[in-house]
Amino acid sequence: ALSQAKKSGGNSLVCFSPAMTEQIQQRYALELALANAVTANQLQLHYQPQLADSGDVIGVEALLRWQHPELGAVSPAQFIPLAEANGQIEKIGDWVLQQACAQLQQWQHDPQFARLTMSVNISARQFYLPEFVSIIQHYLQHFQLAPELLILELTESLVLANLDDAVAKMEQIKQLGVRFSMDDFGTGYSSLSYLSRLPFDEVKIDQYFVRSGSSGNPRDWVIVDAIIGIADTYGMTLVAEGVETEMQRQLLLKSGCRCFQGYLFARPADIAATESWIKSQSR
Ligand code: C2E
Ligand code: CA
Ligand code: CA
Ligand code: CA
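Cut-offs applied
- Residues numbered from 1 in each chain as written.
- Chains lettered and ligands numbered in written order.
- Predicted model: local features only at pLDDT ≥ 70, side-chain atom pairs only at ≥ 80, totals over all residues.
- Heavy atoms only, no water.
- Salt bridge = Lys/Arg side-chain N within 4 Å of Asp/Glu carboxyl O.
- Helix = DSSP H or I, 4+ residues; strand = E, 2+ residues; numbered from the N terminus.
- Near = heavy atom within 4 Å.
- Polar contact = N/O pair within 3.5 Å; in protein donor to acceptor, adjacent residues only side chain to side chain.
- Areas by Shrake-Rupley, 256 points an atom, 1.4 Å probe, with all protein chains shown as cover.
- Nonpolar A, V, L, I, M, F, W, Y, C, P; charged D, E, K, R; others polar.
- Buried < 20%, exposed > 50% of the residue type's maximum accessible area, 1.4 Å probe, protein only.
- Pairing = 2+ DSSP bridges.
- Right-handed = clockwise from strand over helix to strand, strands pointing away.
- Donors = N, O, S within 2.8 Å, 3.2 Å for Na, K, Ca; no water.
- Arc of directions from axis to C-beta.

**Q** How would you sum up the pattern of salt bridges? Please name residues and give values.
**A** For the structure shown, the criterion picks out 8 salt bridges. The residue E90 makes a salt bridge to R125 at a minimum N-O spacing of 3.6 Å. In this pair, E90 is assigned in helix α4 (residues 89-108) and R125 in helix α5 (residues 124-127), connecting sequence segments 35 residues apart. D201 is the partner of K174 in a salt bridge, and the nearest nitrogen-oxygen pair spans 2.8 Å.

Below is the structure:
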């Protein structure tokens, strides 16, 4: 892959000296391969269902997958940070948004799927683009979407990095009817009190808390309880992610959580598998 990457050229920064560590070479090879991923049709969206306590599917989260012909499946945990660092995420993120909105449009014509929400992960570089509000507006119009079905997931570190700008931009987008979810809540630096200043409609408790809170030490669960209480106080929907066991679901339920996502229910899967899983649930 490396020699092929060199041949493809066009990038003056690429210079593989022997002194370079294997790691840096791999990083460049990955970046070059990723630059081609959108046009080479190597990206795909998978979808993971979110369920209410009744068992009804209420929405899905779109999760990006990259299948490279030689490298195989590359994890988003590996390539998203790279793409964020070098700016490729702007193009990739736009592709994700477009695909997710196109899927949402398809679902509007099918009564079985018409009420499902679509949650899309948005990275900082994408969000802070000056044209981001008009990009969202464009997709809403182009795909004729009910805006309240689109949920944008932002991390707290994204928002806190530039608090006033972020809040102003969120407010503009909320005027369009689109909703916001705070991803990975509890993993950043923010004090819980920040949440009151931020216009989020939904909070996702990170799987770290779901896992540690149910690991047997009741003191860990105090944090989960606190997060659920705060979300309640501010009228935000709470979603627990990474729910893997029935015990975790029971504990979350007891603490007042009403919305779940995790392997206990369904793993992220392609559109065909996701649709047939949702159909099998509603029988
Ligand atoms: P995330 O947004 O926190 O997404 C949740 C991750 O947890 C996903 O990993 C999902 O597959 C995984 N997961 C779901 N349920 C369970 C469970 O029960 N147990 C465990 N152990 N894991 C579970 P994935 O798909 O590998 O994505 C990793 C991260 O990459 C995402 O974390 C998100 O930060 C980023 N990412 C994925 N797709 C996109 C995208 O389209 N755009 C951006 N900007 N970032 C993305
Ligand atoms: Ca997410
Ligand atoms: Ca998350
Ligand atoms: Ca995460």
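So, next bit.
**Q** Provide a residue-level description of the site of ligand 1, including the pertinent values.
**A** Surrounding ligand 1, one finds 21 residues, the nearest of these being Q48, R65, D183, E244 and Y263. Interatomic distance of 3.3 Å between a side-chain N/O atom of E61 and an oxygen atom of ligand 1. Between a nitrogen atom of ligand 1 and a main-chain N or O atom of L64, the distance comes to 3.1 Å. Protein burial of ligand 1: of its 800 Å² of free accessible surface, 82% is covered by the chains. Those elements that provide at least two residues to the shell around ligand 1 are β2 (57-68), α3 (76-86), β6 (179-185) and α9 (207-213). No other element matches β2, which puts 4 residues into the shell around ligand 1. In the shell around ligand 1, the residues fall into 8 nonpolar, 6 polar and 7 charged.

**Q** Please provide a residue-by-residue account of the pairing of strand β8 (residues 237-241), values included.
**A** The element β8 is largely enclosed, with a buried count of 4 among its 5 residues. Relative to strand β9 (residues 259-261), β8 is paired through 2 bridges, and the arrangement is parallel. For A240, the partnering residue across the bridge sits in β9 and is F260. The parallel pair β8 and β9 is bridged by helix α11 (residues 246-254), and the resulting crossover is right-handed.

**Q** Which residues make up the coordination of the calcium ion (ligand 4), and what values do they have?
**A** Around the calcium ion (ligand 4), the protein supplies D184 (OD) and D184 (OD) as donor atoms, at distances of 2.9 to 3.0 Å. Inspection of the secondary structure assignment puts D184 in strand β6.

**Q** Go over the coordination of the calcium ion (ligand 3), please, and point to the residues and values.
**A** On the protein side, the calcium ion (ligand 3) has D183 (OD), D184 (OD), E241 (OE) and E241 (OE) as donor atoms, found 2.1 to 2.7 Å from it. Between consecutive donor residues of the calcium ion (ligand 3), the sequence gaps follow D-D-x56-E. The distance between the calcium ion (ligand 3) and the calcium ion (ligand 2) comes to 3.9 Å, with D183 serving as a donor to both metals. Pair noted here: D184 is in strand β6 and E241 is in strand β8, with a separation of 57 residues, a long-range link. A residue is classified by how much of its surface remains accessible, and D184, at 24% relative accessible area, is partly exposed. For E241, a relative accessible area of 10% gives the class buried.

**Q** So what about helix α6 (residues 132-142)? Which residues, and what values?
**A** Those residues of α6 that fall on the buried side of the exposure criterion are F132, V133, I135, I136, Y139 and L140. Down the axis of α6, the smallest arc covering the buried residues is 165°, so these residues share one side. The first or second residue beyond α6 is Q144, which carries a positive phi of 50°.

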